[in-house]
Amino acid sequence: MRYRCGVPGMALVLLCFLGVGLASTLRAQTDSLPIVDYTTPATYEIGGVKVTGANFSDANAITSISGLKVGEKIRIPGPDIPRSIKALLRLRLFTNVQIIEEKIIGDVVFLEINVQERPRLSFYNYTGVKKGQHENLNEIVNQHVTKGGIVTENLKSNAARGIEKYYIKKGLLDANVRVKEIADSTRANSVRLIFDIDLGDKVKIKDIAFVGVESVKEKKLLKKMGKTKEKKRLLAGSKYIKDEYENDKLEVIKYFNTVGYRDARILSDSIWRDQKGEMNMLIKVTEGQRYYFRNITWKGNSKFEVDQLNQVLGIKKGDVFNQELLDNRLRFSQDGRDVSTLYMDDGYLFFNADPTEIAVEGDSIDLEIRLFEGPQATIDKVVIKGNDRTHEHVIRRELRTLPGEKFSRSDIIRSQRQIVNLNYFNPEKLGIETPVNAERGTVDIVYTVEERPSDQLELSAGWGGQRQVIGTLGVSFNNFSMRNIFNKEAWHPLPTGDGQRLSLRGQSNGRFFQSYNVSFTEPWLGGRKPNSFTVGGFFNRFAYPSFGGGLPQSLNIIQGSVSLGRRLKWPDDNFVSSTALNIQSLRLQNWSQGQGGIFRTDEGESVSSGNYNNFSIRQTFVRSTVNDPIFPKDGSSVSLTIQATPPYSLFNKDRDYANEAPEDRFRFLEYHKWRIDADWYTTITGKLVFKASTRMGILGRYTNRISTSPFERFQVGGDGINNQQFGFQGVDIISSRGYEIADFENNTDRSGQGTSPTTIFNKFTAELRYPLSLNPSSSIYVTTFAQGTNTWKNLGDYNPFDLKRSAGVGVRVFLPMFGILGFDYAYGFDRFDIQTGQRGPKFNFNIVLGFEPE
């Protein structure tokens, strides 16, 4: 006797419940089974239950789920057998289930449960898409099917639908997925699934039209739809993604609200595709009435007067009603101009402002702003987490939030900026939490940081022509710990964590050229105040044998410097002052670098031999509000540098400098040198950042009795990298994208053969920057720029509007171990050919290596 129910034959399942007819037929066809009279139901005791066909399923579990237990009574035919079959089929593990009467001994029946298991998944793969997309698809498919799990039509359908939804969300509306099931001959009862993906063509948005818009320009509304764009817009990707489209519709309404139409609504929208498959959209809008602010009153203010609150709010009677502006001016404005900042900077952490409309008459709205000032909160604990390399005191000394002081939102923002500017931590992962204890009126501040590599390595080799192979090795340890240098346990692999900077660099090609420099900076001298102390020095030697019977040439430069910097409190604490004492010695012997001389006087005399001493004091004032040294998004940095030597000529008024040879006239260099550098950053939209910068330098003299120093001038042009431009020591190197050094007339000497640095330069740059990756292990951004640069010999010729213009594109990659890497491709509009005297445009390619040139 056999009872069978399975998925392939649902009619058979129904007949199982009927019992008699089908069982008689099966009995007649199966001679080996015992003959049972179904016309007379009988009750039996189950003597045994055997499971067959279960290769992957547990037999004991099958028996248990069937409910057939040895020793229990069962009625045949009756409801017990069909109930057991239904229980096993509900598991969705089997395509067919049979319960067979194996034998009957007296009133004891022995049963066999025969199952046919569903196939198991051995593996799956994809066709029609690139391999790089497989990882994302795996996450989707694994939600429905898993390797080793059963395979059903529903599971296959759900997995295919999940893949289609994934691509539809990316704008591929016609994506279609077919699932092929192939038997796996290498494994029993196993199958392979192949997801055949047809992405179809991208569906672009042909037209977006608005109906009912009268008071605002439709172009404004299209711009507010930041993700849903027409294909006709330049450089705009056009695709339809439902979630983004819904968000863009909200942005349209928000824009209406900002210009006074607070009742604006979207009545309906229609989306259809034309014969070409392109999408069209029609959005019906009702603008409603335009509203204006009328009377604004304050309630609950005891700390600040109404006039002060009104000044911060900045909204006057008759202004167009703007809910977004009102919210920003009350709480958390990006520029810090809001009422909540006014209170929170004075400790009122629990402050709240509730603007309430008390009257709406015609197009005018009266507001009552109800304030809850609450008690002042005091900082209890300041906790720092995540600093596994940097010592805690290095971070803590940068914080403006101190235990026991009143809570201040501005101090938290400033502390955040100070931590980021250390350049030891990932700015994208910096977290700040402020758990509040309302009963005690205190707040804890928890800073969570994530360390990132800060040391840099410079390792390069290049061919220097007659100078042969040039090798460079440099290291900068930007989070060094000098006090642990003799502590073996602190070397991992170097002693780090105290925020000190140690830089070592060597460059040589053997006998022709050697350059060595070292510097050390302690940013907190004494450990109590942010007074930095830096000591450094370098030695450069150039030695060329005689070529073609000429005299041997050499140039030796030795310099040592000591500087002291301190953070100022006036005009504000964003200012830093730095004072440096520099002692430099230059030794020249027949030095011309084979180009007619690089160091020249104003009169055109070549300075090729002699001993020259450069004793100077350099004073620098810097004000910086830049929020991230790698990829600044906002803020500015302005610096003024004045470098001056003693005015020796004023102490020797009877000395006849005009008749002295250059090596005697400039034995002790005298000059005053001025540099102004300014950078300004702002985020335009999303991650797109605009940068404007200017550079200006002037080298002056104290008296007309002696010409301007031939050293400490400005060499403008090229990429600004001096790794292999050895003749340019003793000058400031200024990059100019799109131009070489010889393209500037004032860089050339009077013979037109060599290059001679100038005394005045100006450079203006405007850039758009967009980050491709801000990962701390490799930050990458692209840039497009416009630049204007020029040089002059004297102030009488200076004209800030007479510039050599260029434009181009570039890419920058910041690697913690190597610094800035990248290149610029620039088009110089005003190139000057000194041989032909002709002007004309020309492309120029520059490489940036190790640092961002000036």
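Rules used in this analysis
Residues numbered from 1 in each chain as written. Predicted model: local features only at pLDDT ≥ 70, side-chain atom pairs only at ≥ 80, totals over all residues. Heavy atoms only, no water. Phe/Tyr/Trp six-rings, centres within 6.5 Å; stacked < 30°, edge-to-face > 60°. Helix = DSSP H or I, 4+ residues; strand = E, 2+ residues; numbered from the N terminus. Lys NZ or Arg CZ within 6 Å of the ring centre and 35° of its normal. Pairing = 2+ DSSP bridges. Axes fitted to C-alpha atoms, helices over the stretch in contact; angles between N-to-C directions. Core = buried A, V, L, I, M, F, W, Y, C linked by side-chain atoms within 4.5 Å. Buried < 20%, exposed > 50% of the residue type's maximum accessible area, 1.4 Å probe, protein only. Contact = heavy atoms within 4.5 Å. Salt bridge = Lys/Arg side-chain N within 4 Å of Asp/Glu carboxyl O. Polar contact = N/O pair within 3.5 Å; in protein donor to acceptor, adjacent residues only side chain to side chain. pLDDT = per-residue confidence, 0-100. Patch = residues over 30% accessible without salt bridge, like charges linked within 9 Å, V, L, I, M, F, W, Y side chains within 5 Å. Areas by Shrake-Rupley, 256 points an atom, 1.4 Å probe, with all protein chains shown as cover. Lys, Arg positive; Asp, Glu negative; His and termini not counted. Charge placed at Lys NZ, Arg CZ, Asp CG, Glu CD. Arc of directions from axis to C-beta.

> Would you take a moment to explain the packing of aromatic side chains for this structure?
The description of an aromatic ring pair rests on the distance of the ring centres and on the angle between the ring planes. Inspection of every chain in the model, using the stated rule, returns 23 aromatic pairs. Each ring, one from Tyr166 and one from Tyr167, has its centre 5.0 Å from the other, and the planes form 80 degrees; the classification is edge-to-face. Between Phe615 and Phe668, the aromatic rings sit 6.2 Å apart at their centres with planes inclined by 55 degrees, giving tilted as the arrangement. Remark: Phe668 occurs in the loop between α15 (662-665) and β28 (672-685) and Phe615 occurs in strand β26 (residues 610-624); sequence separation between them is 53 residues. One Lys or Arg, Arg262, reaches over the ring of Phe321 and ends 5.7 Å from the middle of that ring. For Lys804, the ring lying beneath its charged end belongs to Phe744, and the centroid distance is 5.8 Å.

> Any chance you could explain the sheet that holds strand β11 (residues 279-286) here in plain terms?
Pairing between the strands of a sheet comes from backbone hydrogen bonds, and it takes one of two forms, parallel or antiparallel. The strand order across the open sheet built from 3 strands is β9-β11-β10, with neighbouring strands paired in mixed fashion. Every other strand in the sheet has two partners, leaving β9 (205-211) and β10 (265-273) as the edge strands with one partner each. Sheet twist, expressed as the mean angle between neighbouring strand axes with direction ignored, is 15 degrees. Inspection of the sheet shows β10 paired to β11 by 8 bridges, in the antiparallel sense.

> Any chance you could explain the nonpolar core here in plain terms?
Soluble globular proteins tend to pack their nonpolar side chains together in the buried interior. Counting residues in each nonpolar core, the largest one holds 27 residues, and the members touching the most others are Leu555, Leu586, Leu588, Trp591, Phe599, Tyr612 and Phe711. Looking at this core, the elements with two or more residues in it are β23 (531-544), β24 (553-567), β25 (575-589), β30 (713-716) and β31 (731-734). For Tyr612, the residues in contact, after removing those within four places along its chain, are Gln584, Ser585, Leu586, Arg587, Leu588, Val607, Pro662, Glu663, Phe666, Arg667 and Phe711.

> Sorry, what's going on with the pattern of salt bridges here?
Opposite charge on two side chains lets them pair, provided their charged atoms get close. Summed over the entire model, instances satisfying the criterion amount to 43 salt bridges. Between Arg178 and Asp196 there is a salt bridge whose closest N-O contact spans 2.9 Å. Residue Arg178 is found in strand β7 (residues 176-183), and its partner Asp196 is found in strand β8 (residues 190-198); the two are separated by 18 residues along the sequence. Accessibility expressed as a relative area gives 18% for Asp196, which makes it buried. The residue Lys249 makes a salt bridge to Asp269 at a minimum N-O spacing of 3.4 Å.

> Sorry, what's going on with the side chain of Lys249 here?
Within the element layout of this structure, Lys249 appears in helix α8 (residues 242-258). Of the residues examined, Lys249 reaches a relative accessible area of 11% and is grouped as buried. Within the local environment of Lys249, its side chain forms a polar contact with the side chain of Asp269, the two groups lying 3.4 Å apart.

> Looking at this structure, how should I read the pairing of strand β5 (residues 108-117)?
Residues in a regular strand point their side chains to alternate faces of the sheet. Where strand β2 (residues 42-52) lies against β5, 7 bridges are found, and the strand directions are parallel. By the bridge assignment for β5, Val49 is matched with Leu111. Here strand β4 (residues 94-105) runs beside β5; their pairing, made up of 10 bridges, is antiparallel. Within β5, the residue paired with Ile99 across the bridge is Ile113. Linking β4 to β5, which pair antiparallel, is a turn of 2 residues; within it Gly106 sits at a positive phi near 65 degrees.

> Just to check I follow, could you spell out the confidence of the model for the chain for this structure?
Parts of the prediction with low pLDDT should not have their coordinates interpreted in detail. Looking at the chain, the pLDDT average stands at 84 and 87% of residues meet or exceed 70. Counting interchain partners and residues more than four positions distant, the pLDDT-below-50 stretch residues 722-728 has 27 contacts. Here residues 750-754 scores under 50 on pLDDT; set against residues more than four positions off or in separate chains, the count is 9 contacts.

> Looking at this model, I keep getting lost on a positive patch on the surface. Mind explaining?
Together, Lys170, Lys202, Lys204, Lys227 and Lys239 give the surface a local cluster of positive charge. Tracing the backbone through its elements, the reader meets Lys204 in the loop between β8 and β9. The exposure class of Lys204 is partly exposed, given its relative accessible area of 36%.

> Is there a simple way to think about helix α3 (residues 59-66) in this case?
An α-helical turn contains 3.6 residues, so any two residues separated by three or four positions project in the same direction. What α3 keeps buried is the set Ile62, Thr63 and Ser66. Seen along its axis, α3 keeps its buried residues to an arc of 95 degrees; they face one direction. Across α3 from its buried face, at more than 90 degrees, point the exposed residues Asn60 and Ser64. Each element contacted by the buried residues of α3 is listed here: β2, α4 (80-89), β4 and β5.

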